[in-house]
Amino acid sequence: MQGITGSELTPRKAEYLKYIYLQGDVVKTTDIAAHFSVAPSTVTKALADIAKAGYLEHSPYHGVRLTAPGTDYARFLFRRHRIVALVLSRYGLEPAEACREAKKIEQCISRDLTNRICTSLGHPMMSVCGEIEHDHSCCCPPENRKR
Ligand SMILES: [Zn+2]
Ligand SMILES: [Zn+2]
């Protein structure tokens, strides 16, 4: 996770990576295409780019799975989203609203900024739309981590 800026993937590709992470294991290209309502050929091309970046590997029968760096990156993407949503909720947005608005701006927030906000909030464990995972890719001091 060292050296990533948070803008390695386009917003759409970041959404693909998050989706693949949530599915757990091997995900079929056609499932991703159906979920995002895009042509399979478009997804195949995007997945090839993400694989080139080292975050995905292809598996037989037209599927992909996350590599170890891809898993870390997906966790970072969720942490960033949830931290941004938490910040917005503190400005009076309802949870669903904060989650929705966060999706529009999170891709502009660098990893460094994410870590600074996380630190200034005291490394929160909970956001409006889920738990904030702190792992070795996080800014948190080791004693604050669950694992
Ligand atoms: Zn959310
Ligand atoms: Zn933190």
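Since the structure is predicted, the reported quantities are computational estimates derived from the model, not experimental observations.

Caption draft 1: Examining the coordination of the zinc ion (ligand 1) more closely. Protein coordination at the zinc ion (ligand 1) comes from His 81 (NE2), Cys 99 (SG) and Cys 129 (SG), with a distance range of 1.9 to 2.2 Å. Each donor residue of the zinc ion (ligand 1) lies on one chain, and together they are spaced H-x17-C-x29-C. With Cys 99 in helix H5 (residues 95–105) and Cys 129 in the loop between strand E4 (126–127) and strand E5 (130–131), this residue pair connects regions lying 30 residues apart in the sequence. Note on Cys 129: relative accessible area 27%, which makes it partly exposed.

Caption draft 2: Structural context of the side chain of His 134. Here His 134 is to be found in the segment after E5. Of the polar contacts made by the side chain of His 134, one reaches the backbone oxygen of Pro 124; its length is 2.6 Å.

Caption draft 3: Looking closely at the UniProt feature "domain: HTH dtxR-type" (unreviewed entry) in the protein. Those places that UniProt annotates as "domain: HTH dtxR-type" (unreviewed entry) correspond, in this numbering, to residues 9–67. The span residues 9–67 is 58% helix and 17% strand, and its two end C-alpha atoms sit 15 Å from each other.

Caption draft 4: Spatial organisation of the packing of aromatic side chains. In total, this model carries five aromatic pairs according to the counting rule given. Each ring, one from Tyr 19 and one from Phe 36, has its centre 5.6 Å from the other, and the planes form 80°; the classification is edge-to-face. In this pair, Tyr 19 is assigned in helix H1 (residues 11–23) and Phe 36 in helix H2 (residues 29–36), connecting sequence segments 17 residues apart. A ring pair is formed by Tyr 21 and Phe 78, whose centres lie 5.6 Å apart and whose planes are at 45°; its orientation type is tilted. Of this pair, Tyr 21 sits in helix H1 while Phe 78 sits in helix H4 (residues 68–89); the two residues are 57 residues apart in sequence, bridging distant segments of the chain. Judged by relative accessible area, Phe 78 falls into the buried class, the value being 13%. Through pairs of rings, three or more aromatic residues link up here, namely Tyr 16, Tyr 19 and Phe 36. Across from the ring centre of Phe 78, 5.7 Å away, lies the NZ or CZ of Lys 18, which sits over that ring.

Caption draft 5: Just the pairing of strand E3 (residues 63–66), in detail. In the sheet, strand E1 (residues 27–28) pairs with E3 via two bridges, with the strands oriented antiparallel. Across the sheet, the residue bridging to Val 27 is Val 64, located in E3.

Caption draft 6: Highlighting helix H6 (residues 111–120). All buried positions along H6 are accounted for by Arg 111, Thr 114, Asn 115 and Cys 118. Projection of H6 onto a plane perpendicular to its axis shows the buried side chains occupying an angular sector of 95°, all on one side. Seen from the buried face of H6, the exposed residues on the opposite side, beyond 90 degrees, are Arg 116 and Ser 120. Against the buried residues of H6 lie H4.

Cut-offs applied
Residues numbered from 1 in each chain as written. Chains lettered and ligands numbered in written order. Predicted model: local features only at pLDDT ≥ 70, side-chain atom pairs only at ≥ 80, totals over all residues. Heavy atoms only, no water. Donors = N, O, S within 2.8 Å, 3.2 Å for Na, K, Ca; no water. Helix = DSSP H or I, 4+ residues; strand = E, 2+ residues; numbered from the N terminus. Buried < 20%, exposed > 50% of the residue type's maximum accessible area, 1.4 Å probe, protein only. Polar contact = N/O pair within 3.5 Å; in protein donor to acceptor, adjacent residues only side chain to side chain. UniProt positions renumbered as here; feature names shortened; annotations may be inferred. Phe/Tyr/Trp six-rings, centres within 6.5 Å; stacked < 30°, edge-to-face > 60°. Lys NZ or Arg CZ within 6 Å of the ring centre and 35° of its normal. Pairing = 2+ DSSP bridges. Arc of directions from axis to C-beta. Contact = heavy atoms within 4.5 Å.

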